[in-house]
Amino acid sequence: MSIVETADAEAGGSLHQRILSDISEKILSGAWAPGHRIPFEHELSVQYNCSRMTVNKALSQLAKAGLIERRRRSGSFVRRPQSQAAVLEIHDIRIEVEALGLPYRYERVARHKRRSSAGDRASLELASPGPVLALECGHFAGERPFAHEQRLINLAAVPDAAEEEFLAIAPGPWLIGRVPWSEAEHRIRAVAADRHIATALEIAAGAPCLVVERRTWSADHPVTHVRFTYAAESHTLVARFRPSQG
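Predicted model only: the values in this text are computed from it and were never measured.

What counts, and at which threshold
- Residues numbered from 1 in each chain as written.
- Predicted model: local features only at pLDDT ≥ 70, side-chain atom pairs only at ≥ 80, totals over all residues.
- Heavy atoms only, no water.
- Helix = DSSP H or I, 4+ residues; strand = E, 2+ residues; numbered from the N terminus.
- Buried < 20%, exposed > 50% of the residue type's maximum accessible area, 1.4 Å probe, protein only.
- Contact = heavy atoms within 4.5 Å.
- Pairing = 2+ DSSP bridges.
- Axes fitted to C-alpha atoms, helices over the stretch in contact; angles between N-to-C directions.
- Salt bridge = Lys/Arg side-chain N within 4 Å of Asp/Glu carboxyl O.
- Parallel < 35°, antiparallel > 145°, perpendicular 65-115°, else oblique.
- Left-handed = near helix turned anticlockwise from the far one by under 90°.

Draft legend 1. Geometry of unusual backbone geometry. Look at N49: it is not a glycine, yet its phi comes out positive at around 55°. Looking at the secondary structure, you find N49 in the loop between α2 (41–48) and α3 (52–64). Exposure remark for N49: the relative accessible area of 69% places this residue in the exposed category. The phi torsion at E125 lies on the positive side, around 60°, for a residue other than glycine. By secondary structure assignment, the location of E125 is in the loop between α5 (118–124) and β6 (131–141).

Draft legend 2. The environment of A134, seen in detail. Relative to the helices and strands, A134 is located in strand β6. Here A134 falls in the buried class, since its relative accessible area comes to 10%. Through-space distance from the C-alpha of A134 to that of I153 is 6.6 Å; in sequence the pair is 19 residues apart. Residue contacts for A134: discarding those within four places in its chain leaves A110, R111, H112, R114, R151 and L152.

Draft legend 3. Layout of the sheet that holds strand β3 (residues 75–78). Pairing within the open sheet is antiparallel, and its three strands lie in the order β1-β3-β2. Sheet topology places β1 (37–38) and β2 (68–71) at the edges, where each strand pairs with a single neighbour. Where β2 lies against β3, four bridges are found, and the strand directions are antiparallel. By the bridge assignment for β3, I68 is matched with V78. Where α3 meets the sheet, it contacts β1, β2 and β3, and its direction lies at approximately 120° from that of β2.

Draft legend 4. How the structure looks around the pattern of salt bridges. Under the criterion given, the structure shown has 15 salt bridges. For E107, the salt bridge goes to R105, with nearest N and O atoms at 3.2 Å. Here E185 makes a salt bridge to R187, at a shortest N to O gap of 3.3 Å.

Draft legend 5. Expanded view of the packing of α2 against α3. For the pair α2 and α3, interaxial distance at closest approach is 9 Å and the crossing angle is 115°. Taken together, the axes of α2 and α3 lie roughly perpendicular to each other. The chirality of how α2 crosses α3 is right-handed. Each of E41, H42, L44 and S45 in α2 lies in contact with α3, whose residues at this interface are R52, V55, N56 and L59.

In structure tokens, the structure reads:
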């Protein structure tokens, strides 16, 4: 390869990375919302003074990462990342987000220590009143909300949680690291977003949402009840199973 060809290849490579970074930043920052049309290839090639091949390479990589959707004859559009989660597993939301190739961020919204209400006892399946910790948290993919978490922790089963602020770590991985669970129950349902959830997820009130509710026990003691709410268009639940024997 000649010196001129080498220089052209290096320039193309750096421009490809620049286009990739510029568009990714606009999507992850929320400047370009889902449904926003990306400039056409010929427009980007003029903007960056490069070949359409370089632009096409960058757009193809963004499509592979799930950040944009390329439609024949219509152009490329920002898409809401699609996440898949196994129904029968307890997993960290951070892993879901990072699997999409997006930066993860956690935020504690509210924390209240209180004596359990009748609703709390029903959620945790507690036989008698006792202390609980109520938490509300946000999970983000890039700058956009990914999931809203509402959790109750039975402080009789996990007394250490009473002193934890949950500012730097989400309650899910904190609990998994401290309390070995022996049994779990998942309930999955569809709901329409009320005003509170709509604000938290930055979606329209009444928009369809997927709710995953989980209860866990440790040696027959209720540990936690958590409700994760996702925008329905961004989340898929997967179950893999085999035929029963006999």
